[in-house]
Amino acid sequence: MNNEKQAIIIGAGFAGLAAGIYGQMNGYKTTIFEMHDKPGGLCTSWKRKGYTVDGCIHWLVGSNPDSAMHDYWEEVGLIQGRECIYMDSYMHYECPDGRVITFHRDIDRLEKHLIEFSPQDEAHIRRFINGIKLSIPFNQPSKNVSFPERVYKQLKLYSTFVTKGKQMQYWMKVTGKEFADGFKDPDLRNAFSEMWIPEFSILFMFFTFAYLSAKNAGYPLGGSMPMSKALEERYKALGGTIVYNSRVARIITENNKASGIVLGDGKEYRSDIVISAADGYCTIFKMLDGRYADDKIRDIYEKWIPFHPLLIVGLGVNRRFDEIPLSVSGFSFPLREEVVIADKKRSRLPVHLYHHDPSMAPEGHTTLTVMLETNYEYWKELHSDKKAYVSKKDEISAQVINLLEQRFPGISSQVEMVDVATPMTFERYTGNWKGSFEGWLITPENSNTIMKPMSQTLPGLDNFYMCGQWVEPGGGLPTGILSARRLFKAICKKDGRKFRATKA
Ligand SMILES: Cc1cc2nc3c(=O)[nH]c(=O)nc-3n(C[C@H](O)[C@H](O)[C@H](O)COP(=O)(O)OP(=O)(O)OC[C@H]3O[C@@H](n4cnc5c(N)ncnc54)[C@H](O)[C@@H]3O)c2cc1C
């Protein structure tokens with residue numbers, strides 16, 4: 001394999017590391033420049049006073065060894081030796097009258113439970129269940145099955161496309177809020193509203209439950225950072241180079257060809273191709289000064305909606321929570337009265353316990369997080385006054401601990417670690433636009449990107465490419481890998497090389 005073509009990759013998040021891995025596999029000499037001192041970008045966790053706060057992984061699509069995505073995880077060296085566990089439910093919603101809505105992984109159980117909870121909503125519940133069933137053929141693990149079985153499954157998938165394609169297109173255009181509003185029971189309506197982002201297409205909630213029911217979205221024990229380190233290790237083993245603490249300020253262009261980068265300290269590095277796996281807005285409008293943004297791209301950055309930023313309060317508690325059942329995204333409980341936390345009124349508190357992962361806290365202790373949607377501008381303004389920013393974070397953590405007393409009396413005296421991350425933390429740590437944690441939401445406006453992926457190039461600029469969550473609406477770890485893989489297939493094709501990928 002000849003190694004003469006040099007590629008610079010900006011960002012060592014999942015997409016950047018995967019781009020490096022597929023580049024190395026295909027004979028490109030790659031160097032990743034990462035502004036931080038660690039790999040992984042958003043896929044990260046941090047240690048505080050013996051506790052680990054995880055800022056990312058809840059569920060890993062492709063964890064089932066029979067799924068096609070599992071092959072790709074093997075290629076990038078993520079899944080080998082990693083144990084995934086499967087929770088029985090996605091979420092528990094505690095109602096003000098003490099009843100609990102459980103979003104079971106098992107679809108029949110889910111259907112029965114929801115209809116028992118609200119018989120008047122039977123028709124709409126069946127729509128939800130049918131939507132999940134519609135998505136199941138697309139999520140069925142099918143790798144290790146016999147040839148006739150595989151042919152049968154492919155034909156079934158094809159016939160689902162032909163016969164149910166219209167229904168899928170319909171659901172793609174229905175938002176989470178529109179679907180939730182279809183429930184008559186106020187608790188069920190609120191539970192759906194809490195579980196799914198209002199603007200996000202409901203089809204992807206169906207897909208979520210389809211993945212969970214197929215046991216193809218487990219939680220990898222150890223959490224986020226060990227996965228990022230596994231990708232870094234794989235990349236280095238393939239001969240790749242990562243330069244940390246190196247923020248790319250500018251992409252060099254000559255005669256409308258990308259030819260290198262300039263770091264924040266002014267150092268220049270040249271290459272044959274440049275790939276940005278960093279934030280989309282920063283890449284297009286800052287590193288390239290907006291010179292290659294046509295009306296279509298400007299329209300996207302004006303109209304599409306990024307995932308709303310988060311405020312994460314992480315707590316280390318000297319307490320076990322054995323009475324709380326495991327679930328993918330935790331549980332939420334009603335507050336005695338509405339309160340304002342940061343910029344918004346809240347009547348409930350969502351809690352994610354990490355009592356399923358012993359590596360997150362010392363024996364007998366538990367890490368938990370309270371994740372709340374928040375407004376970027378609110379934090380941006382607050383951040384201009386460092387003292388006010390720090391004291392707001394302190395005020396919020398004290399407030400959250402106080403509110404948790406309503407559900408877990410005595411917890412205040414058991415808290416041993418407090419950590420607050422705001423959209424400013426996300427921005428500082430990963431450079432993501434408006435502190436978004438997963439790039440673009442898939443909404444009715446951009447749902448066509450499911451059938452026709454976004455371009456990975458910019459108009460009028462040669463030798464330049466993008467991969468990662470800003471060119472793959474919906475974001476997530478698997479799309480980071482798929483995006484980098486798709487990119488190197490295209491680059492190899494352009495260079496007349498046969499794309500190849502090997503397992504670690
Ligand atoms: C709370 C939370 C929960 C999540 N849960 C899940 C989940 O359960 N399952 C799942 O699949 N996904 C989940 N995600 C989403 C997932 O983490 C992201 O979609 C994914 O990690 C994005 O990868 P990326 O490589 O595209 O971008 P990023 O991770 O943002 O990587 C970009 C990298 O570029 C670097 N960079 C930026 N600008 C520059 C510059 N100028 N110079 C040099 N380097 C630069 C950044 O430091 C960063 O390392 C979650 C995310 C969060 C925050």
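Criteria and cut-off values
Residues numbered from 1 in each chain as written. Predicted model: local features only at pLDDT ≥ 70, side-chain atom pairs only at ≥ 80, totals over all residues. Heavy atoms only, no water. Pairing = 2+ DSSP bridges. Helix = DSSP H or I, 4+ residues; strand = E, 2+ residues; numbered from the N terminus. Axes fitted to C-alpha atoms, helices over the stretch in contact; angles between N-to-C directions. Expected span 1.5 Å × (residues − 1). Buried < 20%, exposed > 50% of the residue type's maximum accessible area, 1.4 Å probe, protein only. Contact = heavy atoms within 4.5 Å. Near = heavy atom within 4 Å. Polar contact = N/O pair within 3.5 Å; in protein donor to acceptor, adjacent residues only side chain to side chain. Areas by Shrake-Rupley, 256 points an atom, 1.4 Å probe, with all protein chains shown as cover. Phe/Tyr/Trp six-rings, centres within 6.5 Å; stacked < 30°, edge-to-face > 60°. Salt bridge = Lys/Arg side-chain N within 4 Å of Asp/Glu carboxyl O.

**A word on the sheet that holds strand β13 (residues 268-270)**
Read across the open sheet, the three strands follow the order β11-β12-β13; overall the sheet is antiparallel. Edge positions in the sheet fall to β11 (248-254) and β13, since each of these pairs with one other strand and no more. Sheet twist, expressed as the average angle between the axes of neighbouring strands with direction ignored, equals 30°. As paired elements, strand β12 (residues 257-263) and β13 share three bridges and run antiparallel to each other. Its bridge partner lying in β13, Gly260 is registered against Arg270.

**Some thoughts on the sheet that holds strand β9 (residues 217-220)**
Pairing within the open sheet is antiparallel, and its three strands lie in the order β5-β9-β6. Two strands bound the open sheet, and with one partner strand each, they are β5 (60-61) and β6 (84-85).

**Looking at helix α1 (residues 14-25)**
Look at α1: 16 Å from first C-alpha to last across twelve residues, which is about the 16 Å you get at 1.5 Å a residue. When α1 is considered as a whole, its buried residues turn out to be Phe14, Ala15, Gly16, Leu17, Ala18, Ala19, Gly20, Ile21, Tyr22, Gly23, Gln24 and Met25. Where the residues of α1 are buried, they touch β1 (6-10), β2 (29-33), α2 (68-75), α9 (224-237), β10 (241-243) and α15 (477-494). Just beyond α1, the residue with positive phi is Gly27, at close to 85°.

**Let's talk about the site of the ligand**
Neighbouring the ligand are 38 residues; Glu34, Leu42, His58, Asn432 and Gly476 lie closest to it. Interatomic distance of 2.8 Å between a backbone N/O atom of Leu42 and an oxygen atom of the ligand. A distance of 2.9 Å separates an oxygen atom of the ligand from a polar atom in the side chain of Gln469. Considering the ligand on its own, with 1,000 Å² of exposed area, one finds that the protein chains cover 96% of that surface. If you list the elements that add at least two residues to the shell around the ligand, you get α1, α14 (423-430) and α15. No other element matches the three residues that α14 contributes to the shell around the ligand.

**So, the packing of aromatic side chains**
Evaluation of the coordinates by the stated rule reveals 40 aromatic pairs. Measuring from ring centre to ring centre gives 5.9 Å for Phe179 and Phe206, while their planes differ by 80°; the resulting arrangement is edge-to-face. With Phe179 in helix α6 (residues 176-180) and Phe206 in helix α8 (residues 203-213), the pair connects residues that are 27 residues apart, well separated along the chain. No difference in accessibility class separates Phe179 from Phe206, as the two residues are buried. Among the aromatic residues, those joined into a cluster by ring pairs are Tyr90, Phe103, Phe128, Tyr170, Trp171, Phe179, Phe183, Phe192, Phe206 and Phe209.

**What about the pattern of salt bridges?**
Enumeration according to the criterion identifies 27 salt bridges in this entry. With a shortest N-O distance of 3.0 Å, Asp71 and Lys503 are connected by a salt bridge. Of this pair, Asp71 sits in helix α2 while Lys503 is found in the segment after α15, placing the two residues 432 residues apart along the sequence. Residue class for Asp71 comes out buried when judged on its relative accessible area of 18%. The residue Lys380 makes a salt bridge to Glu427 at a minimum N-O spacing of 3.5 Å. Linking Lys380 in helix α12 (residues 376-383) with Glu427 in helix α14, this pair joins segments that are 47 residues apart in sequence. For Glu427, a relative accessible area of 23% corresponds to the partly exposed category.

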